[in-house]
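Spelled out from the first residue to the last, the chains are:
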Amino acid sequence: GAVVSQHPSWVICKSGTSVKIECRSLDFQATTMFWYRQFPKQSLMLMATSNEGSKATYEQGVEKDKFLINHASLTLSTLTVTSAHPEDSSFYICSAFTSTGGTEAFFGQGTRLTVV
Amino acid sequence: GEDVEQSLFLSVREGDSSVINCTYTDSSSTYLYWYKQEPGAGLQLLTYIFSNMDMKQDQRLTVLLNKKDKHLSLRIADTQTGDSAIYFCAESMGGGYQKVTFGTGTKLQVIP
């Protein structure tokens, strides 16, 4: 199957700093990528839909100025958590579909963010 | 809005069958998925079923769909310790570009 690589796998940062998470589709072009957040012992919650070459679409309750998404190419989307706080600590996962559509979403391995 | 629910925990003995259940509310769901998440890892698609199907079998995995009751189940035959993980059911309306709505996840514990 297609491969989605997410980097870094884990990161620890200080409060007030910004952290960038990358999501790459390695062997296919992804016009659409999704960013999810998973709280401990809870399901994945969709944060935003990232479309190549256009602004991301954020779900209700997600601060677009705090979670900056850039989808500059067909193989890369980035999520930047700005001015991170401890409550931003979570597991972030991206997913991508191929340009030709398809039925399955390919997920990255996730990034565990800890803000201290 | 869409809502997908699962029981939180299931414990089975190695060699037994596991059945993980899921209910959803969106009658327009077209694709229903089962994902596996191992500790600290991303999601792995196990299988999916179209809404016009009742059953799908793939090796040790059997998916049953009752569209009338909006009930989806995943049966794992001959459960192994390596099957211990969190299993998410999910649904979407369309294939490539639709968002996927996930259930709360069921933690499967396999006892040796």
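Residues numbered from 1 in each chain as written. Chains lettered and ligands numbered in written order. Predicted model: local features only at pLDDT ≥ 70, side-chain atom pairs only at ≥ 80, totals over all residues. Heavy atoms only, no water.

Take the state of the cysteines next. Residue and element names in this part refer to chain A. Within this structure, the stated rule accounts for two disulfides over all chains. Cys-23 shares a disulfide with Cys-94; S-S distance 1.9 Å. Taking the torsion about the sulfur-sulfur bond, which here is approximately 80°, the covalent link between Cys-23 and Cys-94 counts as right-handed. Within this pair, whereas Cys-23 is found in strand β3 (residues 19–25), its partner Cys-94 is found in strand β9 (residues 90–98), the two being separated by 71 residues in sequence. Cys-94 shares its class with Cys-23; the two are buried. A disulfide-free cysteine, Cys-13 has its sulfur positioned 18 Å from the sulfur of Cys-94, the nearest such atom. (Disulfide = S-S within 2.5 Å. Helix = DSSP H or I, 4+ residues; strand = E, 2+ residues; numbered from the N terminus. Buried < 20%, exposed > 50% of the residue type's maximum accessible area, 1.4 Å probe, protein only.)

Next up on the list: the sheet that holds strand β1 (residues 4–6) of chain B. Residue and element names in this part refer to chain B. Spatially, five strands are ordered β1-β3-β8-β7-β6 in an open sheet, and the strand pairing comes out antiparallel. Strand pairing shows two members of the sheet lacking a second neighbour, β1 and β6 (55–58), which therefore form its edges. The sheet shows a mean angle of 15° between the axes of neighbouring strands, direction not considered. (Pairing = 2+ DSSP bridges. Axes fitted to C-alpha atoms, helices over the stretch in contact; angles between N-to-C directions.)

For chain A, per-residue confidence averages 88 on the pLDDT scale, and residues scoring 70 or more make up 92% of the total. Mean pLDDT values for the elements of chain A range from 69 in strand β10 (residues 101–107) of chain A up to 96 in strand β8 (residues 76–81) of chain A. (pLDDT = per-residue confidence, 0-100.)

Residues and elements named next belong to chain A. Taken together, the four strands give an open sheet; going across it, the order is β1-β3-β8-β7, and neighbouring strands pair in antiparallel fashion. Each edge of the sheet is formed by a strand with only one pairing partner; in this case those strands are β1 (4–7) and β7 (67–73). Taken pair by pair, the neighbouring strands of this sheet meet at an average axis angle of 15°, ignoring direction. Direction of pairing for β1 relative to β3: antiparallel, over a ladder of four bridges. Bridge assignment links His-7 to a residue of β3, and that residue is Glu-22.

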